[in-house]
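Per-entry structural report
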Amino acid sequence: MTNVILEMRSITKEFPGVKALSNVNLQVKQGEIHALCGENGAGKSTLMKVLSGVYPHGSYTGDILFDNEVCEFKNIRQSEERGIVIIHQELALIPYLSIAENIFLGNEISRNGVIDWNETMMRTKELLQKVGLKESPQTKVEDIGVGKQQLVEIAKALAKDVKLLILDEPTASLNENDSENLLNLLLEFKGYGMSAIMISHKLNEIERVADSMTIIRDGQSIETLDMKKDNVNQDRIIKGMVGRDLTNRYPERTPKIGETIFEVENWTVYHPAHAERKAIDNVSLNIRRGEIVGVAGLMGAGRTELAMSIFGKAYGKKISGRIVKNGKEVQFPNVTSAIKQGMAYVSEDRKGNGLILMEDIKQNITLASLDKISKGPVIDANKERIEAENYRKKLRIKTPSVLQKAGNLSGGNQQKMVLSKWIFSEPDILILDEPTRGIDVGAKYEIYSIINELAAEGKGILLISSELPELLGMCDRVYVMNEGSITGEVTKEEASQETLMMYMTKQKVRG
Amino acid sequence: MQSHAQKERNYSSLQPESPIKQLFKNNMRQYSMIFALIVIMLLFQVLTSGLLLQPLNITNLILQNSYILILAIGMMLVIITGHIDLSVGSIAAFVGAISAILMVNYEMSTFGAVAISLLVGAAIGAWQGFWVAYVKIPAFIVTLAGMLLFRGLTMIVLEGKSIAPFPETFQKMSSGFIPDGSAANVVTLLIGAALSVALVITQLKARRTQKKFDFDVQSKGLFMLKLVGMVVLLNVFTYVLASYEGIPNVLILLGILIIVYTYVMKKTKAGRHIYAIGGNEKAAQLSGIKTKQMTFWVFVNMGVLSALSGLIFAARLNAATPKAGNLFELDAIAACFIGGASAYGGIGTVPGAIIGGLVMGIMNNGMSLLGLGIDWQQGIKGLVLLAAVAFDIYNKNKAA
């Protein structure tokens, strides 16, 4: 029988007016990878904050037993001293400092307050070797990719003598290769006896690495499953998370595809900072009426750059190529003109590029189409509210009122708000860049339904996604990109994860 | 499914709070500012044994603070876009000097000189806006350079000396009253009454349309109370002014600026664009807002208002001096932050800037009446600025 390293017993945590956790139990065995699953807002992060001391002892009820000792953490430092280290979804590295400085930040190797650089560099080298990162300890963190940064975070945790590593959505911003690396690393550390808790929305990853899992729903622990014994598969997990069978993860749709309404020809874009580098190289694509066209590619393949350069030259320099819309050549010299001519772009970075979090929902929804609610220069506030209210109902944005601040909504509802904004601008062509990133399964389904409805209305949809099942489930046709070029075009019938992956890693043919 | 229904119920349970509590919750920031202003006013009213709210002193207060308030309006726009302007005091001084040279040395007509001065202000604003919006140099640096540059230019064109006196028509801009006749009192009272009627009509109309669209409105009693309160306040104010010399010209100008800018920021697309840029420039740009162009015009606007402020200050002083406008920028910036602007952009209102400006102005005036030295005044003002912003952040943290 394996030992239990962590036991959280009937944890209850209340915020003013909301019971975030009620009687949650969690048991993690020594040397296992334990997955924590649940929809957004189910209480996973809150539970981990209780565990790591972000919410100090006394602000919750229930007991935490770690290594058979009752723990009452007052802050993160105390939990880290015991060997509980959490790696957050948003990496907490300082870009301008070196890898070594980051790894020992707040934990410096020093004598009398003076840092021992030799020792620091040596230890860093050892740690980097352990996590399989071939970089000099003196490389600045800003100069390495996200995948490598994630490895630095893990090295940082190792430097703290971690016994229980908590990873919150560790692969959310990683491409397939880096994710694979990271998961292998986790399995390797498990071999050395480290325990881990992994929060993830990527069910295939959980299926692959986890030994057991706990499902949390609406602030309660629903069940704990042993992956092997209980024969857990993805459908089983989803059922537990949403509390119902989700037999079909992608809504039914009978595509009604018409004539070609949008074409991009020989599109070439240079990198804004490195004038000689082509970010997009001679890309041509087309979209037909009512069609959902996917764009697959690894991170850095140039998908977002392609979308943004088309959308009113919001990215890149020295852009060349032709855009033909409804049979006529058009120019989008800036975003304003692109929107006026029926384009919409839903950014992958919802908070950074999509929303104004401090403004209310109605202002966010109407921002791209103020002309529609204005007489001359003056906004009709009543009309604005009515329109926003319509979209709140239509897209089922869960909020008491459109006067709520955008920042108060959950990820899925924020995404619905962004979609509302762009549907309200009445585009013919919608470019959706990772529209379901960081959104729970239930909300994803709703977003898919919205996308299908838009296609059924005769709009053309370009769907950029890193989740291959999503592309396979939603698209009529998929373009695959690598290194700024299109390396393949696959119809729904031919498409499979394997074919997409093959094109995604295919080197471009020069000529 | 069940969980969704449960959530819906939770939301609806938020609604039935007592209306007064709701009102205060939603407008906490606004009310706390007004409340602070009233407390400071009453405090100095008591400390100065009633001197503060004498008709003469109220008129003085308006005349003394008009140029800061004008700057604060422009500064609020700059701060909402997420920038800052340190050069406004120097621009005011420079434009004042230009106007003096035009009117005194070249004997140009008041109208022509004022028009040229405002254009100079616009050109200076365009100069700074260009560097901030298109070259993307941080506004702090551009306007710090502007502060030095235009202070230097002021001293150069004035050759280190003051120029005086201005023609009488120009002085009237700042020191005149409406109308300059024996019937001043009646006209002032009439203006107060006319404004009251306009206020009541617009408020009633707004409430009626809100009701028509089935939006939640304040309870009738509360609404009437607020309306009556505003009308009484307005008429007491005009009565007090009438019992001295009437409404100062500069107050009319200020009133128009406040109304126009409040309207622009609250009701127009331009205002919405400015808030959006400050809230999230990238998102604003990807929503089709011409962020660079808008930022540029916000600085042009600041230049024009700095010029106006400089003219009014010169007219009040009846001289253009090399030291004019010294530290005006800091008073204007302080007014905005006391009035609820966010240092990160995206948040703030024009009435807030005015209230913040009045807090500063009343403290200046009150402390001077008490005979406090400039040393103590500076120190106390600094603490009040810090306290106001600390209070604001405390409130926000509590709300979150």
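What counts, and at which threshold
- Residues numbered from 1 in each chain as written.
- Chains lettered and ligands numbered in written order.
- Predicted model: local features only at pLDDT ≥ 70, side-chain atom pairs only at ≥ 80, totals over all residues.
- UniProt positions renumbered as here; feature names shortened; annotations may be inferred.
- Helix = DSSP H or I, 4+ residues; strand = E, 2+ residues; numbered from the N terminus.
- Rg over C-alpha atoms; globule rule 2.2 N^0.38 Å.
- Buried ≥ 20, exposed ≤ 12 C-beta atoms within 10 Å, placed from the backbone.
- Contact = placed C-beta atoms within 7 Å.
- Nonpolar A, V, L, I, M, F, W, Y, C, P; charged D, E, K, R; others polar.
- Domains from an automatic or database assignment.
- Pairing = 2+ DSSP bridges.
- Expected span 1.5 Å × (residues − 1).
- Bend = angle between axes of the 7 residues up to and from the residue.
- Axes fitted to C-alpha atoms, helices over the stretch in contact; angles between N-to-C directions.

An unreviewed UniProt entry lists chain B under the name Xylose transport system permease protein XylH, from Domibacillus enclensis. In the Subcellular location (unreviewed entry) part of its UniProt record, chain B is described as follows: "Cell membrane".

Chain A has the name ABC transporter ATP-binding protein in an unreviewed UniProt entry, where Domibacillus enclensis is given as its organism. UniProt, in its Subcellular location (unreviewed entry) section for chain A, records the words "Cell membrane".

**Some thoughts on the overall build of chain B**
Within chain B, the secondary structure is distributed over 17 helices and two strands. A globule of 400 residues ought to have a C-alpha radius of gyration of about 21 Å, and chain B, at 23 Å, matches this closely. Its C-alpha atoms give chain B principal-axis dimensions of about 80 × 55 × 40 Å. The 400 residues of chain B split such that 40% are buried. Partitioning the intrachain contacts of chain B with sequence separation of at least 6 by distance along the chain shows that 80% fall at a separation of at least 24.

**A word on the interface of chain A and chain B**
Residue-level contacts link 28 residues of chain A with 27 residues of chain B. For the side of chain A that touches chain B, the elements supplying multiple residues, two or more each, are α10 (335-340), α11 (350-354), β20 (378-379) and α13 (381-394) of chain A. A per-class count over the side of chain A that touches chain B returns 15 nonpolar, eight polar and five charged.

**Things to note about the domain arrangement of chain A**
Residues and elements named next belong to chain A. As far as domains go, chain A holds domain 1 (4-242) and domain 2 (260-504). For domain 1 versus domain 2, the distance between C-alpha centres works out to 33 Å. Counting residues per element, the ones that place at least two in the side of domain 1 that touches domain 2 are α6 (176-191) and α8 (234-242). When residues in the side of domain 1 that touches domain 2 are grouped by element, the largest group, three residues, is from α8. Its residues placed into classes, the side of domain 1 that touches domain 2 shows four nonpolar, five polar and two charged.

**Some points on unusual backbone geometry**
Cis rather than trans, the peptide bond between A164 of chain B and P165 of chain B has omega equal to -10 degrees. Following the sequence through the fold, P165 of chain B ends up in the loop between α7 (139-158) and α8 (168-175). Phi at E434 of chain A is positive, roughly 50 degrees, even though this residue is not glycine. Residue E434 of chain A is classed as buried on the basis of its C-beta count, with 21 C-beta atoms lying within 10 Å.

**Here we look at the pairing of strand β15 (residues 292-297) of chain A**
Residue and element names in this part refer to chain A. Burial within β15 is extensive, with six of its six residues counted as buried. Pairing geometry for β15 and strand β22 (residues 460-464), over four bridges, is parallel. Directly across from G294, in β22, lies its bridge partner L463. In the sheet, β15 pairs with strand β23 (residues 477-482) via five bridges, with the strands oriented parallel.

**Focus: the environment of I38 of chain B**
Structurally, the position occupied by I38 of chain B is in helix α3 (residues 28-47). Placed 321 residues apart in sequence, I38 of chain B and V359 of chain B show a C-alpha to C-alpha distance of 9.0 Å.

**Brief notes about helix α4 (residues 55-80) of chain B**
Residue and element names in this part refer to chain B. Taking 1.5 Å of rise per residue, 26 residues should cover 38 Å, and α4 covers 35 Å from first to last C-alpha, within 8% of that figure. The largest bend in α4 is about 50 degrees, located at N65. Phi turns positive, to about 95 degrees, at G82, one or two residues after α4.

**Regarding the sheet that holds strand β6 (residues 84-87) of chain A**
Residues and elements named next belong to chain A. With respect to topology, six strands assemble into an open sheet ordered β6-β9-β10-β3-β11-β12, the strand pairing being mixed. The outermost strands of the open sheet, each flanked by one partner alone, are β6 and β12 (220-226). The sheet shows a mean angle of 20 degrees between the axes of neighbouring strands, direction not considered. Two elements, strand β11 (residues 212-217) and β12, share six bridges in a ladder whose sense is antiparallel. Bridging from a neighbouring strand, I215 pairs with E223 of β12.

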